[in-house]
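Each chain, letter by letter, is given below.
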Amino acid sequence: MNNNQRNEAYNQYVEARIPRTKPWPSLFNSFWVGGVICLLGQAIDTLILYWFPSISEQNAWAWTLIVLIFLASFLTGVGVYDKIGKFAGGGSIVPITGFSNSISSPAIEFKHEGIIYGTCVKMFTIAGPVIVVGVVASVVVGIIYWIIGLF
């Protein structure tokens, strides 16, 4: 058996073993779960503004993000967020909660390797590039904004 035949046999084996998903139920679940997460964020923001009338809207947004990050990290730690992700797919990757999950998961998974080489290193394997791109993009946009302001 030559390499092409082996590759073809392997591809057929993999194709037979890949679990099949139904696209429409997956899309529907993704849509409504993502919507519920966003609705939860709006409800938290509204409740913060209601309970603390002296707080500004901008500060309420910051506290809302803090609560959403905490909830996503907590649910990741107790194993619930993974089940939500399996059910909802992309709907569970609503930006702030998905990013919180992507940092919390490796930190929890690799904690047995120690605080530095396990938790810290693995935690920033995913988050590091996102943070770097965000910082660089904000600097570039800031410079462009500054240059436009000169004219």
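Use the structure listed above.
Residues numbered from 1 in each chain as written. Predicted model: local features only at pLDDT ≥ 70, side-chain atom pairs only at ≥ 80, totals over all residues. Heavy atoms only, no water.

### Considering the packing of aromatic side chains
- For the structure shown, the criterion picks out two aromatic pairs.
- Look at Trp32 and Phe87: their rings are 6.0 Å apart centre to centre, the planes differ by 70 degrees, and that puts the pair in the edge-to-face class. Of this pair, Trp32 sits in helix H2 (residues 23–51) while Phe87 sits in helix H4 (residues 80–88), placing them 55 residues apart in sequence.
- Trp32 gets classed as partly exposed once you look at its relative accessible area, which sits at 38%. (Phe/Tyr/Trp six-rings, centres within 6.5 Å; stacked < 30°, edge-to-face > 60°. Helix = DSSP H or I, 4+ residues; strand = E, 2+ residues; numbered from the N terminus. Buried < 20%, exposed > 50% of the residue type's maximum accessible area, 1.4 Å probe, protein only.)

### What to know about H2
- For H2, spanning 29 residues, the distance from its first C-alpha to its last is 42 Å, which sits close to the expected 42 Å at 1.5 Å a residue.
- Within H2, the full set of buried residues consists of Asn29, Ser30, Val33, Gly34, Ile37, Gly41, Ile44, Asp45 and Ile48.
- In this fold, the buried residues of H2 make contact with helix H3 (57–77), H4 and helix H5 (95–109). (Expected span 1.5 Å × (residues − 1). Contact = heavy atoms within 4.5 Å.)

### Quick word on the environment of Phe110
- Turning to its location among the elements, Phe110 is positioned in the loop between H5 and helix H6 (115–150).
- Considered as a pair, Phe110 and Val133 are 23 residues apart in the sequence and their alpha carbons are 25 Å apart.

### Focus: the nonpolar core
- Core analysis: the largest hydrophobic core is formed by six residues, namely Val33, Ile37, Ala72, Tyr81, Ala88 and Val94.
- Of all the secondary structure elements, the ones that give two or more residues to this core are H2 and H4.
- When residues no more than four places from it in sequence are discounted, the contact partners of Ala72 are Tyr81, Thr97 and Ser100. (Core = buried A, V, L, I, M, F, W, Y, C linked by side-chain atoms within 4.5 Å.)

### Remarks on the packing of H5 against H6
- Running from N to C, H5 and H6 point in directions that differ by 155 degrees, and their axes come no closer than 7 Å. Looking at the two axes, H5 sits roughly antiparallel to H6. Crossing of H5 against H6: the hand is right-handed. Judged by residue contacts, Phe99, Ser102, Ile103, Pro106 and Ala107 of H5 engage Thr119, Lys122, Met123, Ile126, Ala127, Val130 and Ile131 from H6.
- When grouped by side-chain class, the residues that make up the contact of H5 with H6 number nine nonpolar, two polar and one charged. (Axes fitted to C-alpha atoms, helices over the stretch in contact; angles between N-to-C directions. Parallel < 35°, antiparallel > 145°, perpendicular 65-115°, else oblique. Left-handed = near helix turned anticlockwise from the far one by under 90°. Nonpolar A, V, L, I, M, F, W, Y, C, P; charged D, E, K, R; others polar.)

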